[in-house]
Amino acid sequence: MPEETIFSKIIRREIPSEIVYQDDLVTAFRDINPQAPTHILIVPNKLIPTVNDVTPEDEPMLGRLFTVAGRIARQEGIAEGGYRLLVNCNRDAGQEVYHLHMHILGGRRLGPMLARQS
Ligand code: DGP
């Protein structure tokens, strides 16, 4: 079994966070360190560490991530202006929390997709 992260405790509401949506498959809550006016994470309720660990049986949950992303974008008023969905996988992408999550970022011009190398 993979090791639980702080996100499992957030999903079970054992530690405080601003949950904006929850159903049988996914939970969405505001990022603790927002990079944009709207910065929300959507996570599977089941612990899946990275995209590399996804299996075909996870496909209903993966589809739910997108339908919930659209719903939250409308709720947050960023659907028309636009937003970015982002999933980091492992070290080179800078993944910090090893519980699969989709970032929803919006509410300002987000700029180029990748930071320039210095
Ligand atoms: P990533 O680099 O893709 O693994 O992003 C992890 C994100 O998780 C990062 O933007 C900060 C956020 N985060 C980490 N710990 C917590 C927490 O305890 N609560 C909340 N709400 N967000 C957290």
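Given the structure is predicted, the values throughout are model-derived calculations rather than measurements. (Residues numbered from 1 in each chain as written. Predicted model: local features only at pLDDT ≥ 70, side-chain atom pairs only at ≥ 80, totals over all residues. Heavy atoms only, no water.)

**Student:** What should I look at first to understand the site of the ligand in this one?
**Tutor:** Lining the immediate environment of the ligand, one finds 15 residues, of which Arg30, Asp31, Glu96, His101 and His103 sit closest. At 2.8 Å from a nitrogen atom of the ligand is found a main-chain nitrogen or oxygen belonging to arginine 30. Within the contact set of the ligand, an oxygen atom lies 2.8 Å away from a side-chain nitrogen or oxygen of histidine 101. For the shell around the ligand, the leading source of residues is helix H1 (residues 6-11), giving three residues. (Near = heavy atom within 4 Å. Polar contact = N/O pair within 3.5 Å; in protein donor to acceptor, adjacent residues only side chain to side chain. Helix = DSSP H or I, 4+ residues; strand = E, 2+ residues; numbered from the N terminus.)

**Student:** In this structure, what is going on with helix H2 (residues 59-76)? I would like to understand it.
**Tutor:** The periodicity of an α-helix, 3.6 residues per turn, causes residues three or four positions apart to be oriented the same way. In a regular helix each residue adds 1.5 Å, so 18 residues correspond to 26 Å; H2 covers 26 Å between its end C-alpha atoms and thus fits that length. Those residues of H2 that fall on the buried side of the exposure criterion are Met61, Leu65, Val68, Ala69, Gly70, Ile72 and Ala73. Buried residues belonging to H2 abut strand E1 (19-22), strand E2 (26-30), strand E3 (38-44), strand E4 (83-86) and strand E5 (102-106). Phi for glycine 77, located one or two positions after H2, is positive at around 75 degrees. (Expected span 1.5 Å × (residues − 1). Buried < 20%, exposed > 50% of the residue type's maximum accessible area, 1.4 Å probe, protein only. Contact = heavy atoms within 4.5 Å.)

**Student:** Would you mind going over the side chain of aspartate 23 with me for this structure?
**Tutor:** Inspection of the secondary structure puts aspartate 23 in the loop between E1 and E2. For aspartate 23, a relative accessible area of 18% gives the class buried. Of the polar contacts made by the side chain of aspartate 23, one reaches the backbone nitrogen of valine 26; its length is 2.9 Å.

**Student:** Explain the pattern of salt bridges here, please?
**Tutor:** Proximity of charged atoms lets side chains of opposite charge pair with each other. As enumerated under the stated definition, the model contains nine salt bridges in all. In this structure, aspartate 58 and lysine 46 form a salt bridge, with 2.8 Å as the shortest nitrogen-oxygen distance. Of the two residues, aspartate 58 sits in the loop between E3 and H2 while lysine 46 sits in the loop between E3 and H2, which places them twelve residues apart along the sequence. Put simply, arginine 91 and aspartate 92 hold a salt bridge, and the shortest N to O gap is 3.9 Å. Three or more residues are tied together by salt bridges with common partners; here these are Glu4, Arg12 and Glu14. (Salt bridge = Lys/Arg side-chain N within 4 Å of Asp/Glu carboxyl O.)

**Student:** Would you mind showing me how to read the nonpolar core here?
**Tutor:** Nonpolar side chains tend toward joint burial in soluble globular proteins. Grouped together as the largest cluster of nonpolar side chains are 16 residues, with contacts concentrated most on Val26, Ile42, Ile72 and Ile104. Residue assignment for this core shows that the elements contributing at least two residues are E2, E3, H2 and E5. When residues of this core are assigned to their parent elements, the largest contribution, six residues, is made by H2. Here isoleucine 72 is in contact with Val20, Tyr21, Ala28, Ile40, Ile42 and Ile104, once residues within four sequence places are set aside. (Core = buried A, V, L, I, M, F, W, Y, C linked by side-chain atoms within 4.5 Å.)

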